[in-house]
Every structure is written in C-alpha cells, then in structure tokens.
Protein chains: 2
Amino acid sequence: MEATINFIGIVHSPLKSLEDCPKQENEQAPEAIIEIYPKFLDGIKNIEAGSEMILLTWFHLSDRSELVCHPRDNPSAPLRGVFSTRSSNRPNPIGMHLVKILSVEENGFIKISNLEALDQTPVIDIKPVLKYI
Amino acid sequence: MEATINFIGIVHSPLKSLEDCPKQENEQAPEAIIEIYPKFLDGIKNIEAGSEMILLTWFHLSDRSELVCHPRDNPSAPLRGVFSTRSSNRPNPIGMHLVKILSVEENGFIKISNLEALDQTPVIDIKPVLKYI
C-alpha cells in the first residue's frame, strides 16, 4: 500500500522560510532554479525556454496526518477536506505548479518563473501542461 | 533522497490490461470508480458531483528506469526526454488526470468520467484544477 518516490532534483529559491512563501505561484512568487540531478539529465531533453510546464514537488515539511483544513489558513473559514484544497498538508504532499521555463542549462539548472515552494524543496517530476484544460 | 508515498485509494475500471488503455483520458477512456480507503475519507469532504478535479495516480506497472522515449510508442518518432512527455514510464510514475466527478458515495466510492488508468491502479491525491491555466 505504498511506494518510494525518488527525488530527481531540488529547488533553489530566495524563499528561505515557510513564512516567506506566498500561497499560490500567481501571488508574487519569485523566480527559482530547479537543479536536476546528473543521473536524470537525459529526461530533460526537449524542455525548452519559453514553454509552460507542470512542475511536481514534494512538500517535505508538511503535516501528512491532516485530512481537513481551514482554506488559506483562515480560522474563520469552514473546515474543508484537504483533497478539495491545495493545502500542502495532505497525506501525500505533492506540490503541483504551473511554471514558465526561462532557461535550461546543460548542467541541469532550469530557471523558472513564479514558484511558491521553499528553497531546498525536492523535485519529483516535470510534465507537459494538460492542453485541453 | 527519497520519500514514501501512501496509497489513499484504488481505481476500479473496465480497463483490465495495458493493451486496453487509451493513451489520454480524452481518447474514449471509460468511466471509472475511485475507491478512497476508510482512513482517508475525511479528506474527500467537499468534493462535489459536477466539478472537475485533478486526480493523481501511481502507474505501478511502469518502467522507472526510462529517461527517454518515443512519443505515443511510435518508433519512428524522435526520442524525447520523458519529462517533456506524458509517458507513464518515468522515474516517478505519477499519473495526472483531469476528471469530472459524476457522484460521491458516503463509503468513499467516487464515480468519474474518462479515466485512462488500468483497473487496480493506486490513487495518491486529488486536487482542485489549476483555475488560471
């Protein structure tokens, strides 16, 4: 009833504490660098500057026991099940981010726009945008 | 450099073998039932029939060593890095599906439209659609 996630890279960001992090990437989140580890470099072939992609991260500081939450940490908002929210506190704390690729270096350093994830957050996948949303 | 994914549920689908599965959910994929396990039921509060959501699954039969692939298994297509494709063969075989919720039962059985994942595929997360895509 479980599986192992292997981290493929790591986030480098000016966001050094959770208090610094905006709740969504469209709320003035800063640029960040995604470092892809050498053994996974073949996988980023064809990722091109200028494109939009979905980045999946692992919110390693999350509370994985939480099943309900107050949206946006607002205690006066009614409790909701976490699967109807984007809370990072959830059983599998996967972050899903729509990002624009700004540049891709041969050493696996990818500069992206607008990422609300903390510095040192593990990266677990990159995918094309679901075009038909 | 790794973490543990806990399965929160399982897919029940008429798709019983990989050969039966369409490559994308908009290619005549059938309806499916998502069974959420009892210990995670509080998390699906507020998931409502009629809404669209992102379902994340774990493609448990994937080849996790693959870093490049021929798109759509077409051997004449040039090899691409897996992170610029939706191939299920990738280091962390997370399936990302845009689904419509058709009904939600109190026992945690959620009927959804159009899922290309195989019967018995583990479910790992459900999230709201990224509204601003």
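Our subject is the structure that appears above.
Asks: Provide a residue-level description of the overall build of chain A, including the pertinent values.
Replies: Looking only at helices and strands, chain A features zero helices and nine strands. Secondary structure elements in chain A, listed N-terminal to C-terminal, are β-β-β-β-β-β-β-β-β. At 15 Å, chain A has a C-alpha radius of gyration in line with the 14 Å of a compact globule built from 133 residues. In terms of overall dimensions, chain A has C-alpha extents of about 45 × 35 × 35 Å along its principal axes. Counting every position in chain A, which comprises 133 residues, the buried fraction comes to 53%. Put simply, of all contacts in chain A between residues at least 6 apart along the chain, 74% involve residues at least 24 apart.

Asks: Would you mind going over the interface of chain B and chain A in detail, with residue names and values included?
Replies: Across the contact, 49 residues belong to chain B and 49 residues belong to chain A. Interface of chain B and chain A: buried area, both sides summed, is about 4,900 Å²; carbon and sulfur atoms make up 64% of it. Remark: the boundary between chain B and chain A carries two salt bridges. In this structure, Asp125(B) and Arg90(A) form a salt bridge, with 3.0 Å as the shortest nitrogen-oxygen distance.

Asks: Please set out the sheet that holds strand β8 (residues 109–112) of chain A residue by residue, giving values where relevant.
Replies: Around the barrel, six strands lie side by side as β2-β3-β8-β7-β4-β9 (chain A); this closed barrel has antiparallel pairing. Taking each pair of neighbouring strands and ignoring which way they run, the sheet shows an average axis angle of 45 degrees.

Asks: Give me the pairing of strand β1 (residues 2–6) of chain B: which residues, what numbers.
Replies: Of the two faces of β1(B), only the one carrying Ala3(B) and Ile5(B) is buried; Glu2(B), Thr4(B) and Asn6(B) on the other face are not. Pairing analysis gives five bridges linking strand β1 (residues 2–6) of chain A to β1(B), with the strands arranged antiparallel. Looking at the pairing, Thr4(A) lines up with Thr4(B) of β1(B).

Asks: Run through the side chain of Ser84(B), naming residues and quoting values.
Replies: Secondary-structure assignment places Ser84(B) in the loop between β6 (80–81) and β7 (94–104). If we skip the residues at most four places from it in the chain, Ser84(B) touches Gly43(A), Lys45(A), Asn46(A), Ile47(A), Met53(A) and Pro128(A).

Definitions and cut-offs
- Residues numbered from 1 in each chain as written.
- Chains lettered and ligands numbered in written order.
- Predicted model: local features only at pLDDT ≥ 70, side-chain atom pairs only at ≥ 80, totals over all residues.
- Heavy atoms only, no water.
- Helix = DSSP H or I, 4+ residues; strand = E, 2+ residues; numbered from the N terminus.
- Rg over C-alpha atoms; globule rule 2.2 N^0.38 Å.
- Buried < 20%, exposed > 50% of the residue type's maximum accessible area, 1.4 Å probe, protein only.
- Contact = heavy atoms within 4.5 Å.
- Buried area = accessible area lost by both parts, 1.4 Å probe.
- Salt bridge = Lys/Arg side-chain N within 4 Å of Asp/Glu carboxyl O.
- Pairing = 2+ DSSP bridges.
- Axes fitted to C-alpha atoms, helices over the stretch in contact; angles between N-to-C directions.

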